[in-house]
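Here are the chains, one letter per residue:
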Amino acid sequence: TDPVYTVYVDTNVMSGRTGEMKDDGMYEGLTYLKCNSDNDFVPELPSEPVDIIYLCYPNNPTGTTLTKDQLKVFVDYAKENNALILFDAAYVAFINEDDVPHSIYEIEGAKEVAIEFKSFSKTAGFTGTRCAYTVVPKELMGYDSKGNEVEINPLWNRRQTTKFNGVSYPVQKAAEAVYSDEGKKQIGEIIEYYMENAKIIRKSLTDLGLDVYGGVSSPYIWVKTPNDMDSWAFFDLLLNEANVIGTPGSGFGPSGEGYLRLTAFNTLENTKEAMDRISKLEF
Ligand SMILES: *Cc1c(COP(=O)(O)O)cnc(C)c1O
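Definitions and cut-offs
- Residues numbered from 1 in each chain as written.
- Predicted model: local features only at pLDDT ≥ 70, side-chain atom pairs only at ≥ 80, totals over all residues.
- Heavy atoms only, no water.
- Near = heavy atom within 4 Å.
- Polar contact = N/O pair within 3.5 Å; in protein donor to acceptor, adjacent residues only side chain to side chain.
- Areas by Shrake-Rupley, 256 points an atom, 1.4 Å probe, with all protein chains shown as cover.
- Nonpolar A, V, L, I, M, F, W, Y, C, P; charged D, E, K, R; others polar.
- Pairing = 2+ DSSP bridges.
- Helix = DSSP H or I, 4+ residues; strand = E, 2+ residues; numbered from the N terminus.
- Axes fitted to C-alpha atoms, helices over the stretch in contact; angles between N-to-C directions.
- Domains from an automatic or database assignment.
- Contact = heavy atoms within 4.5 Å.
- Buried area = accessible area lost by both parts, 1.4 Å probe.
- Salt bridge = Lys/Arg side-chain N within 4 Å of Asp/Glu carboxyl O.
- Expected span 1.5 Å × (residues − 1).
- Buried < 20%, exposed > 50% of the residue type's maximum accessible area, 1.4 Å probe, protein only.
- Arc of directions from axis to C-beta.

A. Fine view of the site of the ligand. Residues in close proximity to the ligand include Tyr-5, Tyr-8, Cys-56, Asn-60, Asp-88, Ala-90, Tyr-91, Ser-119, Ser-121, Lys-122 and Arg-130, which together make up its full environment. Measuring from an oxygen atom of the ligand, one finds a side-chain N or O atom of Lys-122 at 3.1 Å. In isolation the ligand has 390 Å² of accessible area, and contact with the protein removes 83% of it. When the residues that make up the shell around the ligand are grouped by side-chain class, the tally is 5 nonpolar, 3 polar and 3 charged.

Here you go:
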């Protein structure tokens, strides 16, 4: 999808799996699925054959979600086209809407086509401690250049046992605590705290007449820049006039141009202060 969590692009570029970057900022060898206010941030299916589809929902950077029916369209496509879906579920703990799936495996048939990433980074504040797990179903098949089926799970096991030395024991114990009653309670409280910030950001910016997306089932608020400013101009304005920092949308890909990402990961006091300062600006 475009915009995208940049790691999906950059890791492939660094591994030499794309071609050169073109004048429009897109890489050869990648298929970009535009997500913007015109399509309500719901990507259309690729119009050319693809091997691997990266999906992240709730989305970083746009904060938007897909319903079960919308996600099923991709699972069905992957089955019909022998494609593999890499589903990044880093933000499922923030879901507040009923028809938004918490795992791609809620969709029938997804075990045959999807790998799911489960990071503790955003659920439980593990960004520095490094812990996650990956679901690679036994049913999942890849296809070699001759179209033969290949089981992915043993390949992944081979990769992990050779290249990955494991998560340190103290961090594993901390991850275990995430599932304790006390851990679940604390995580629930802090996520609710951040989502209150998200609500305040959404309301303040909406009251200012800005178009905002996300922030309902996600800590990210994706703001359309006022007066067709480009992402960096709006970033500079907020930085210089309000001393508030966001992330320019164009950094997440060509379709992010004209947007800016704000996050709810801060204190309530700072969030209110930032919104007060932005509210005093003239656009
Ligand atoms: C933060 C984030 C992650 C987490 O990555 P880790 O390497 O587990 O810290 C994964 N995907 C997205 C979209 C993120 O924003």
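Further notes follow.
B. Broad picture of the sheet that holds strand β3 (residues 114-119). On the basis of which strands lie adjacent, the open sheet formed by 4 strands has the order β1-β2-β3-β4 and mixed pairing. Every interior strand has two partners, whereas the edge strands, β1 (52-56) and β4 (132-135), have only one. The mean inter-strand angle of the sheet, taken between neighbouring strand axes irrespective of direction, is 15 degrees. By the bridge criterion, 4 bridges tie β3 to β4 in an arrangement that is antiparallel. The residue of β4 that forms the bridge with Glu-116 is Val-135.

C. Up close: the domain arrangement of the protein. Taken domain by domain, the protein comprises domain 1 (6-178) and domain 2 (181-279). Placing the centre of domain 1 and that of domain 2 at their C-alpha centroids yields a distance of 24 Å. The partner domain 2 presents 21 residues to the 29 residues of domain 1 that form the contact. Carbon and sulfur atoms supply 65% of the area buried between domain 1 and domain 2, which totals about 2,000 Å² over both sides. Considering only the surface of domain 1 that becomes buried against domain 2, Phe-41, Pro-61 and Phe-94 emerge as the three largest contributors, covering 28% of it. At the boundary of domain 1 with domain 2, the tally comes to 0 salt bridges. Our count for the domain 1 to domain 2 interface comes out at 6 residue pairs in polar contact (both at pLDDT 80 or more).

D. View of helix α6 (residues 231-242). Helix length check: α6 (12 residues) gives 16 Å between terminal C-alpha atoms against 16 Å at 1.5 Å per residue, within 8%. Within α6, the full set of buried residues consists of Ser-231, Phe-234, Phe-235, Leu-237, Leu-238 and Ala-242. Relative to the axis of α6, the buried residues are bounded by an arc of 160 degrees and lie together on one face. Exposed and oriented more than 90 degrees from the buried face of α6 are Asn-240 and Glu-241. Buried residues in α6 make contact with β8 (220-224), β9 (247-248), β10 (259-263) and α7 (268-279). The N-terminus of α6 is capped by Asp-230, whose side-chain oxygen sits 3.2 Å from the backbone nitrogen of Trp-232. Following α6 by one or two positions, Asn-243 has its phi on the positive side, about 55 degrees.

E. Spatial organisation of unusual backbone geometry. The omega torsion of the bond from Tyr-57 to Pro-58 falls at -5 degrees, within 30 degrees of zero and hence cis. Along the chain, Pro-58 falls in the loop between β1 and α2 (68-81). Between Asn-60 and the following residue, Pro-61, the backbone shows a cis peptide bond with an omega angle of 20 degrees. On the secondary structure map, Pro-61 appears in the loop between β1 and α2. In this model, Phe-41 sits at a positive phi of 65 degrees, which is unusual for a non-glycine residue. By secondary structure assignment, the location of Phe-41 is in the loop between α1 (7-14) and β1. Positive phi, normally seen in glycine, also occurs at Arg-130, with a value near 65 degrees.

F. Seen up close, the environment of Val-73. Tracing the backbone shows Val-73 in helix α2. Take Val-73: its relative accessible area is 39%, and that puts it in the partly exposed class. Placed 29 residues apart in sequence, Val-73 and Glu-44 show a C-alpha to C-alpha distance of 9.4 Å.

G. How the structure looks around the pairing of β10. Burial of β10 is extensive: 4 of the 5 residues sit out of reach of the surface. Relative to β10, β8 runs antiparallel, the two being bridged by 5 bridges. Bridge assignment links Tyr-220 to a residue of β10, and that residue is Thr-263.

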